[in-house]
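Take a look at the letters that make up each chain.
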Amino acid sequence: MCPVTLEKLTKVYPNGYEAVHEFDLEVADGEFMVLVGPSGCGKTTAMRMVAGLEQISSGTLRIGDRIMNDVSPRDRDIAMVFQNYALYPHMTVGENIGFALKMKHTPKQEIVNKVRDTAEILGLTEWIDRKPGQLSGGQRQRVAMGRAIVREPKVFLMDEPLSNLDAKLRVQMRAEVARIQRRLGVATIYVTHDQVEAMTMGDRVAVMRAGVLLQCDKPQRIYDSPVNIFVAGFMGSPSMNLFEASLGEGARSLRLGSQEIVLPASVLAARPSLVKYANNEIVIGVRPESLAMAGPKRSASGNETVQFEGDVDLIEALGSEILVHFSTDAHRVEAEGMYSDDAEGLEAGSITRPGDGVARMAPDTQVTIGSRIKLQMNTKRLYFFDAVTGLSIEE
Amino acid sequence: MRLFNRIWSRTFAYVVLLGFTAFFVVPVIWLLLSPTKTDHELVVGNPFAIGTLHNLSHAIHVMFTFEDYALLNWLKNSAIYSFGGIVIALACSIPAGYGLAHTQFIGRRTLLGVTLFVMIMPATALVLPLFLEANAVHAVGTPWSVILPFSFFPFGVYLAYIFYSSSVPKDLLAAARIDGCNEWNVFRRVALPLARPIIALVTFFAFVANWNNFFLPFVMLPNSTNYPLPVGLQDLLAATPAFNPGQGGQVPIYRPELAIATIVAMAPVLIVFLFAQRSLVSGMLAGATKE
Ligand SMILES: Nc1ncnc2c1ncn2[C@@H]1O[C@H](COP(=O)(O)OP(=O)(O)OP(=O)(O)O)[C@@H](O)[C@H]1O
Ligand SMILES: [Mg+2]
């Protein structure tokens, strides 16, 4: 039983830079915790503090009941998969996997058996006598995994283990890593800046930004109710459309650029505190998949939907769906560092220009570039944020 | 026209290359042929003429038996001094380079600067102070007076530092720590085995420097039985009438015999080079590409 507890963990680098600020996180035994955030937000730093590779400036780290702040890495009983794998180049695959056991003075025969079993699980048997330099990226990644799982540690730490793989292999290894973790049932902290990995792999997801933990919850909860603009924009691909808007008198209408949208009473009923923002600037958000073409007739739930117009700039056909990029005269809002610069994000269509919005629609939708379309959405799927603090207006 | 140009530039390149080859190879051929001739033939004959086997065996015999096998004794001394120096130099420079590259401590940058400074300082400049130092501790004339200065090899420290800081990522050492290594084992199990090309490189450079060093042992060792080869060669020169007309008393040495001694002095460096060549190349490329 080894939960990992981080209490107000802070890291100030010798040059005075505070990379992690009062970070609280509790990873239950056997839980798969994904730590996600844009590049440079302190994910690696947080993980290295857990591993003991980086001195903790302040705060407390517990593994099980034991305070680990000043315990050396080798006594923490953790295994780590590094972003660049960090395999020992002078050892064979087998020696790499068995190295930790050897350092623990495990009997020779036992090492041989365990290494063989691990290699088999990971499909590395064929390459067991090769040096890492003679392996492909995917094989190296599996050796790095093997080196971690053979030890049966109390805690797994994985720092973007899939980021060096090509898209296809990444998808495949994603499932494999998750499966292995479930089977071993070891508390795991998994760092990534890829929100798809975060959504699909984690039991819970912790979203970080600039050294601060913003939200930690089940992936679906984070997707459905992000605490602020940043989390809303970061999770989901293509990301949520966020526009500046102003709330009308009594919060009964919304001004989006030059368009006036009448809000049904149910919106205010669900979020009474919106009244406070009446006649004020707010930020509204809507996910691309919540947008649909407004039909000639209002749909059954007619009074729960609102409509607005946009000009179609670009249509991306992805086979299973199309992404319709449209522009309005409303200002698009972007939280700093919201978009990961990784290739998968680009493929999925986050190439919107500021001011644009994206709608995800069925491939047979009739749209043409340059036309003006009417978009509609259910008000239940509409998000409201405080324009100043960026916090979600939930109630 | 273009073809014509190409032929000309090719020809030009070959002429230049051949010129340089001749410049460097001719003396070597001359040296290798010398012991097969008599002293007289050597001076007046065709430089590329090949002498007789009889001359060769005579020269070898004279040279090796000279002063009760002094040449073999010098060879042995050279080997002891060179390898003694190398062993200590390696034992110090590899860990030192590792420490400079991968630990933080006060004065680290200063130490690096000093290393660089003493590295570019000519070794001969230190000989006299070293002599005074050795004299103060009554080490003059002992093998240590040569071995210890030989083992001072800042170039090795610098090479190891460059290697460890450019080719051994910090995460690799971190991985070893997480895998259960204490600091000693991180070095012993991971850092040291990786340094093999650098060990070969340091060994080679230190060997060449030590083996050919003349001035330091010349100053430190007054007794001919302690001489390494270069100092012994100088002794032989003094016994050669052609170079030292005033020489008297000693058994005279002639130039073909001197050539034998020179070849004996050169051979080990050549042999070590031939064997070390492959790891040398990989060592020099170390750090050029990241693993
Ligand atoms: N040794 C150091 N000294 C000073 N600042 C550092 C040091 N290491 C990292 N930083 C800074 O701390 C911040 C967090 O770095 P960290 O490596 O934890 O980011 P990350 O979230 O892992 O990013 P990525 O997704 O790019 O790996 C960065 O701004 C970085 O510049
Ligand atoms: Mg990182």
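Note that the structure is predicted; figures quoted are calculated from it, not measured.

**Brief notes about the site of ligand 1**
Residues and elements named next belong to chain A.
- Around ligand 1 sit 13 residues, and of these Ser39, Gly40, Lys43, Thr44 and Thr45 come closest.
- Here Glu160 contributes a side-chain N or O atom positioned 3.1 Å from an oxygen atom of ligand 1.
- Tallied by class, the residues present in the shell around ligand 1 amount to four nonpolar, seven polar and two charged.

**Looking at the sheet that holds strand S11 (residues 241-247) of chain A**
Residue and element names in this part refer to chain A.
- The strand order S13-S12-S11-S14-S20 describes an open sheet built from five strands, whose pairing is antiparallel. Edge positions in the open sheet fall to strand S13 (259-262) and strand S20 (382-386), since each of these has one partner strand only. Adjacent strand axes in the sheet meet at a mean angle of 40°, parallel and antiparallel pairs treated alike.

**Notes on the interface of chain A and chain B**
- The interface of chain A with chain B comprises 24 residues on the first partner and 17 residues on the second.
- Buried surface at the junction of chain A and chain B, summed over both partners, amounts to about 1800 Å²; 64% is from carbon and sulfur atoms.
- For the pair chain A and chain B, the interface holds three salt bridges.
- B:Asp179 serves as the salt-bridge partner of A:Arg147, at 4.0 Å between the closest nitrogen and oxygen.
- The tally of links from chain A across to chain B stands at seven residue pairs in polar contact (both at pLDDT 80 or more).
- Counting residues per element, the ones that place at least two in the side of chain A that touches chain B are helix H1 (43-51), strand S6 (78-81), helix H2 (93-103) and helix H4 (137-149) of chain A.
- Of the residues in the side of chain A that touches chain B, the class split is 15 nonpolar, three polar and six charged.

**A few points about helix H1 (residues 2-33) of chain B**
- Relative to the 46 Å expected for 32 residues at 1.5 Å per residue, H1(B) spans 45 Å between its end C-alpha atoms, a close match to the ideal helical length.
- Helix geometry: H1(B) is bent most strongly at B:Val25, by close to 30°, with proline B:Pro27 lying one to four residues after it.

**Description of the side chain of A:Ser392**
- One can find A:Ser392 in the segment after S20.
- Each residue touching A:Ser392, except ones within four places of it in the same chain, is listed here: A:Pro226, A:Val227, A:Asn228, A:Phe384 and A:Phe385.

**Some remarks on the environment of A:Ala265**
Residue and element names in this part refer to chain A.
- By the element assignment, Ala265 lies in helix H9 (residues 265-270).
- We classify Ala265 as exposed; its relative accessible area is 65%.
- Separated by 13 residues in sequence, Ala265 and Arg252 place their C-alpha atoms 7.1 Å apart.

**What about the packing of aromatic side chains?**
- The final tally for this structure, using the stated rule, is 20 aromatic pairs over all chains.
- Measuring from ring centre to ring centre gives 5.2 Å for B:Tyr98 and B:Tyr164, while their planes differ by 70°; the resulting arrangement is edge-to-face. You can see B:Tyr98 sitting in helix H4 (residues 70-102) and its partner B:Tyr164 sitting in helix H8 (residues 154-167), a full 66 residues away along the chain.
- An aromatic cluster of three or more residues is present, and its members are B:Tyr98, B:Phe163, B:Tyr164, B:Trp184 and B:Phe187.
- Its guanidinium or amino end placed over the ring of A:Tyr88, A:Arg147 lies 4.7 Å from that ring's centre, counting from NZ or CZ.

**Looking at unusual backbone geometry**
Residues and elements named next belong to chain A.
- For the bond running from Ser237 to Pro238, omega is -5°, close enough to zero to count as cis.
- Looking at the element boundaries, Pro238 is found in the loop between helix H8 (229-234) and S11.
- For His105, which is not a glycine, the phi torsion comes out positive at approximately 60°.
- Counting through the fold element by element, His105 comes out in the loop between H2 and helix H3 (108-121).
- On the accessibility criterion, His105 (71% relative accessible area) is exposed.

**Structural notes on the nonpolar core**
- The biggest cluster of nonpolar side chains holds 94 residues, and the ones touching the most others in it are A:Val4, A:Leu157, B:Tyr164 and B:Leu236.
- The dominant element in this core, judged by the number of residues it contributes, is H4(B), at 10 residues.

**Points about the domain arrangement of chain A**
Residue and element names in this part refer to chain A.
- Domain annotation for chain A reports domain 1 (4-230) and domain 2 (231-386).
- Its C-alpha centre places domain 1 at a distance of 36 Å from the equivalent point of domain 2.
- On the side of domain 2, 23 residues touch domain 1, which itself brings 23 residues to the contact.
- Carbon and sulfur atoms supply 62% of the area buried between domain 1 and domain 2, which totals about 2000 Å² over both sides.
- Of all residues in domain 1, Tyr223, Ile229 and Phe230 bury the most surface against domain 2, accounting for 37% of the area lost on that side.
- Seen at the junction of domain 1 and domain 2, the total is 13 residue pairs in polar contact (both at pLDDT 80 or more).
- Going through the elements one at a time, helix H5 (167-184), helix H6 (195-201), strand S9 (204-209), strand S10 (212-217), helix H7 (219-224) and H8 are the ones with two or more residues in the side of domain 1 that touches domain 2.
- Here the residues of the side of domain 1 that touches domain 2 sort into 13 nonpolar, five polar and five charged.

**Re the pairing of S10(A)**
Residues and elements named next belong to chain A.
- As judged from the five bridges shared by S9 and S10, these two strands associate in the antiparallel manner. Looking at S10, one finds that Ala206 is bridged to Cys216.
- Hairpin connection between S9 and S10: a loop of two residues separates the two successive antiparallel strands, and Ala210 in this loop has a positive phi of roughly 50°.

**Notes on the pattern of salt bridges**
- Here the structure, examined in full by the defined rule, presents 18 salt bridges over all chains.
- Taking the shortest distance from any N to any O, the salt bridge between A:Arg151 and B:Asp179 comes out at 3.4 Å. Taken together, the positions of A:Arg151 in the loop between H4 and strand S7 (155-159) and B:Asp179 in the loop between helix H9 (170-178) and helix H10 (183-194) put the pair across two chains.
- With a relative accessible area of 7%, A:Arg151 lands in the buried category.
- Take B:Asp179: its relative accessible area is 6%, and that puts it in the buried class.
- A salt bridge links B:Arg177 to B:Glu183; the shortest N-O distance between them is 2.6 Å.
- Shared partners join several salt bridges into a network, and the residues in it are A:Asp77, A:Arg147, A:Arg151 and B:Asp179.

**Describing the packing of H9(B) against H10(B)**
All names here are of chain B.
- With their axes 9 Å apart at the nearest point, H9 and H10 run at an angle of 135° to one another. Comparing the axis directions of H9 and H10 gives the class oblique. As for the relative orientation of H9 and H10, their crossing is right-handed in sense. For the pair H9 and H10, contact is made by Leu172, Leu173, Ala176 and Arg177 and by Glu183, Val186, Val190, Ala191 and Leu194, respectively.
- The class makeup of the residues in the contact of H9 with H10 is seven nonpolar, no polar and two charged.

**Remarks on empty space enclosed by the protein**
- Taken as a whole, this structure holds three cavities of 30 Å³ or more when the rule is applied.
- Approximately 50 Å³ is the volume attributed to the second largest cavity.
- Lining the second largest cavity are A:Ala79, A:Met80, A:Phe82, A:Arg147, A:Ala148, A:Arg151, B:Ala175, B:Ile178 and B:Asp179.
- Mapped onto the lining of the second largest cavity, the elements with two or more residues apiece are S6 and H4 of chain A together with H9 of chain B.
- Tallied by class, the residues present in the lining of the second largest cavity amount to six nonpolar, no polar and three charged.

Criteria and thresholds
- Residues numbered from 1 in each chain as written.
- Chains lettered and ligands numbered in written order.
- Predicted model: local features only at pLDDT ≥ 70, side-chain atom pairs only at ≥ 80, totals over all residues.
- Heavy atoms only, no water.
- Near = heavy atom within 4 Å.
- Polar contact = N/O pair within 3.5 Å; in protein donor to acceptor, adjacent residues only side chain to side chain.
- Nonpolar A, V, L, I, M, F, W, Y, C, P; charged D, E, K, R; others polar.
- Pairing = 2+ DSSP bridges.
- Helix = DSSP H or I, 4+ residues; strand = E, 2+ residues; numbered from the N terminus.
- Axes fitted to C-alpha atoms, helices over the stretch in contact; angles between N-to-C directions.
- Contact = heavy atoms within 4.5 Å.
- Buried area = accessible area lost by both parts, 1.4 Å probe.
- Salt bridge = Lys/Arg side-chain N within 4 Å of Asp/Glu carboxyl O.
- Expected span 1.5 Å × (residues − 1).
- Bend = angle between axes of the 7 residues up to and from the residue.
- Buried < 20%, exposed > 50% of the residue type's maximum accessible area, 1.4 Å probe, protein only.
- Phe/Tyr/Trp six-rings, centres within 6.5 Å; stacked < 30°, edge-to-face > 60°.
- Lys NZ or Arg CZ within 6 Å of the ring centre and 35° of its normal.
- Core = buried A, V, L, I, M, F, W, Y, C linked by side-chain atoms within 4.5 Å.
- Domains from an automatic or database assignment.
- Parallel < 35°, antiparallel > 145°, perpendicular 65-115°, else oblique.
- Left-handed = near helix turned anticlockwise from the far one by under 90°.
- 1 Å grid on protein atoms, 1.4 Å probe; cavity = no way out; pocket = protein on both sides within 12 Å on 5 of 7 lines; lining within 4 Å.
- Points joined across faces, edges and corners; volume = space filled by probe spheres on them.

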